[in-house]
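So the chains spell out like this:
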Amino acid sequence: MAFMTVLLNCSLPFCHWKRKSEYLPPLPVQLNRVIKEQKVVVDELSNLKKNRKVYKQQPNSNIFFLVDRTETLSQCKNTLDELKKAHQEMENSEKTKIKK
């Protein structure tokens, strides 16, 4: 019997998107990339069988801890919703700048 585990880091703080140098792509591009990554995480967690184990990586370390799949899925969905809201607000603010 093969067991599958999922390793994830779905706690993406908003400071992750701050530009640290001028060589980084524009903020909307970075945000789109993070949203796509988060969608993949949510899809992977949604399609897991009930008996699969999920491990979450601790920030800034190589340590993983066993977590509850359903709780982690809801946290990741909430994070995705927050990312989408931030992206929408960014697009709206750019549109208002263009209109002025």
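What you are looking at is a predicted structure, and each value in this text was computed from that prediction instead of being measured.

**Q** Could you give an account of the nonpolar core, naming the residues involved and the relevant values?
**A** Within the largest apolar cluster, 14 residues are counted, with the highest numbers of intra-cluster contacts made by L31, I35, V42, L45, C76 and L83. Of all the secondary structure elements, the ones that give two or more residues to this core are α1 (27-46) and α2 (69-99).

**Q** Would you mind going over unusual backbone geometry in detail, with residue names and values included?
**A** Phi at N60 is positive, roughly 60 degrees, even though this residue is not glycine. Tracing the sequence through the fold places N60 in the loop between β2 (53-57) and β3 (64-67). We classify N60 as exposed; its relative accessible area is 86%.

**Q** With reference to specific residues and values, describe the environment of R33.
**A** Mapped onto the fold, R33 is located in helix α1. In terms of polar contacts, R33 uses its side chain to reach the side chain of E37, at 2.6 Å.

**Q** Can you explain the confidence of the model for the chain? Please cite residues and give values.
**A** Residues at a pLDDT of 70 or more form 72% of the chain, whose mean pLDDT is 79. Taking the mean pLDDT of every element in the chain, the minimum, 52, falls on strand β1 (residues 5-8) and the maximum, 94, on β3. Counting contacts from residues 1-5, a segment whose pLDDT is below 50, to residues more than four positions away or on other chains yields seven contacts. Of the regions scoring below 50 in pLDDT, residues 11-21 engages in 18 contacts with residues more than four places distant in sequence or in other chains.

**Q** Any chance you could break down α1 for me, citing the residues and the numbers?
**A** The terminal C-alpha atoms of α1, which comprises 20 residues, lie 28 Å apart, in line with the 28 Å expected from a rise of 1.5 Å per residue. If you check which residues of α1 are buried, you get Q30, L31, V34, I35, Q38, V41, V42 and L45. Seen from one end, α1 has its buried residues packed into an arc of 135 degrees, which puts them on one side.

Rules used throughout
All residue numbers refer to position in the chain's written sequence, counted from 1. Reporting of local features is limited, given that this is a predicted model, to residues whose pLDDT is at least 70; pairs of side-chain atoms are given and counted only at 80 or more, and all residues count toward the totals for whole chains, interfaces and linings. Note: side-chain values were computed over all heavy atoms of the structure, leaving out hydrogens and water. Throughout this description, the term nonpolar core refers to a set of buried Ala, Val, Leu, Ile, Met, Phe, Trp, Tyr and Cys residues connected via side-chain atoms within 4.5 Å. Type-normalised accessible area, obtained with a 1.4 Å probe on protein chains alone, sets the label of each residue: buried when under 20%, exposed when over 50%, and partly exposed for intermediate values. By definition, any uninterrupted DSSP run of H or I lasting at least four residues is a helix, any uninterrupted run of E lasting at least two residues is a strand, and each is numbered from the N terminus. As used in this structure description, the phrase polar contact means that two N or O atoms lie within 3.5 Å; if the pair is within protein, one of them must be able to donate a hydrogen and the other to accept it, and residues adjacent in sequence are counted only when both atoms belong to side chains. Here pLDDT means the predictor's own confidence in every residue, given as a number from 0 to 100. The contact definition used throughout considers only heavy atoms, calling two residues in contact when any of these lie within 4.5 Å. A helix is expected to span 1.5 Å for every residue after the first. Within this analysis, the arc is defined by the directions that extend from the helix axis to the C-beta atoms.

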